[in-house]
Amino acid sequence: AHQDEPREAEWTLMFYMDSDNNLEAAQLEDLREMIAVGSTPEVNIVALVDRAASADEDDGYSAEPVANLKNWDTAKVLFVEKGRLRQLDDWGEVNMADPATLERFVSAAIEGLPARRFGLVFGDHGSAWPGACADDSSEGDLLSLVEIGSALRTLTKDSGPLEIIGFDACLMANFEVAHAMAPSARIMIASEELEPGNGWNYTPLLEALVSNPRAT
């Protein structure tokens, strides 16, 4: 390998965090749970986090800083380190419900953070077969199941299927979603039921992986 080529890790975990809605405060807690562990040479943790302009805490929004970054309302590509966030890029205001945004993030992560296995987790509202990821700044546009499926098939055509697709979102564990994801991933993790706003508890999940990055 050339000097300037990034070395291959065991895992690159990609978090597509559509916080441009009333789950903003909850998703920032998820980000803090990731920062408690942080990336290692074997486990890359990268997130695209689109925040909301609203700061109405009663409605689930936030103007809080996260670790070393002050409040933002754009979409930032963030490499999660222990105790801090390293900003790789700021894309300005994007529509997280546009499959082009998903393709841009995943292809950049796969290229920039090579790994033996890739995982992609969607964090936001979910509504079963209609899709997931509602974006306030784009009139509540939703990433449809068809859009997610076709974007992922394009992305995995050359690299092979992702190891894991996760939906940290309500109502996504059903046959329609699984059928749409099947060509693009080996394992799908989702909830049949409504999830609590705070979603998954990322600290123990990432601690387990970081302590045993060769885990299947």
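Use the structure listed above.
Residues numbered from 1 in each chain as written. Predicted model: local features only at pLDDT ≥ 70, side-chain atom pairs only at ≥ 80, totals over all residues. Heavy atoms only, no water.

> I would appreciate a short explanation of the sheet that holds strand 4 (residues 84-90) in the present structure.
Consider a sheet: its strands pair through backbone hydrogen bonds, and that pairing is either parallel or antiparallel. Taken together, seven strands build an open sheet; the order of strands is 4-3-2-1-5-8-9 and the sheet is mixed. Of all strands in the sheet, those bounded by a partner on one side alone are strand 4 and strand 9 (185-189). Sheet twist, expressed as the average angle between the axes of neighbouring strands with direction ignored, equals 20°. Of the pairings in the sheet, the one linking strand 8 (residues 162-168) to strand 9 comprises four bridges and is parallel in character. In the strand pairing of strand 9, Gly-166 is matched with Ile-189. Sitting on the sheet, helix 5 (residues 202-211) is in contact with strand 1 (9-19), strand 2 (43-51), strand 5 (115-123) and strand 8, with an inclination near 165° to strand 1. (Pairing = 2+ DSSP bridges. Helix = DSSP H or I, 4+ residues; strand = E, 2+ residues; numbered from the N terminus. Axes fitted to C-alpha atoms, helices over the stretch in contact; angles between N-to-C directions. Contact = heavy atoms within 4.5 Å.)

> Which parts of the structure should I look at to understand the pairing of strand 5?
The element strand 5 is extensively covered by neighbouring structure, given that eight of its nine residues are classed as buried. One ladder, built from eight bridges, connects strand 1 with strand 5; its direction is parallel. Each bridged residue has a counterpart across the sheet, and for Met-17 the counterpart in strand 5 is Gly-123. Note that strand 5 and strand 8 share five bridges and pair parallel. Its bridge partner being in strand 8, Gly-123 is matched across the sheet by Asp-168. (Buried < 20%, exposed > 50% of the residue type's maximum accessible area, 1.4 Å probe, protein only.)

> Even after reading the chapter, I still don't get the packing of helix 1 (residues 24-35) against helix 5, so can you show me in this structure?
Helix-helix packing is characterised by the crossing angle of the two axes and by the distance between the axes. In the contact formed by helix 1 and helix 5, the axes pass within 8 Å of each other and the chain directions differ by 30°. By the angle between their directions, the pair helix 1 and helix 5 is classed as roughly parallel. Of the two possible hands of crossing, helix 1 and helix 5 adopt the one that is right-handed. Between helix 1 and helix 5, the residues in contact are Asp-30, Glu-33 and Met-34 and Tyr-202, Thr-203 and Leu-206, respectively. (Parallel < 35°, antiparallel > 145°, perpendicular 65-115°, else oblique. Left-handed = near helix turned anticlockwise from the far one by under 90°.)

> Please explain the packing of aromatic side chains as it appears in this structure.
Where two aromatic rings form a pair, the distance of their centres and the angle of their planes describe that pair. A full pass over the atoms with the stated rule returns five aromatic pairs. For the pair Phe-15 and Tyr-202, a centre-to-centre distance of 5.4 Å together with 90° between the ring planes defines the contact as edge-to-face. Linking Phe-15 in strand 1 with Tyr-202 in helix 5, this pair joins segments that are 187 residues apart in sequence. Centre to centre, the rings of Tyr-16 and Phe-105 are 6.3 Å apart; their planes meet at 40°, and the pair counts as tilted. Taken together, the residues span a long stretch of sequence, with Tyr-16 in strand 1 and Phe-105 in helix 2 (residues 99-112) at a distance of 89 residues. By the ring-pair criterion, three or more aromatic residues cluster together here, those being Tyr-16, Phe-105, Phe-122 and Phe-167. Above the ring of Trp-72, the side-chain terminus of Arg-51 is found at 4.8 Å from the ring centroid. Arg-104 extends its terminal NZ or CZ atom over the ring of Trp-91, reaching a point 3.7 Å from the ring centre. (Phe/Tyr/Trp six-rings, centres within 6.5 Å; stacked < 30°, edge-to-face > 60°. Lys NZ or Arg CZ within 6 Å of the ring centre and 35° of its normal.)

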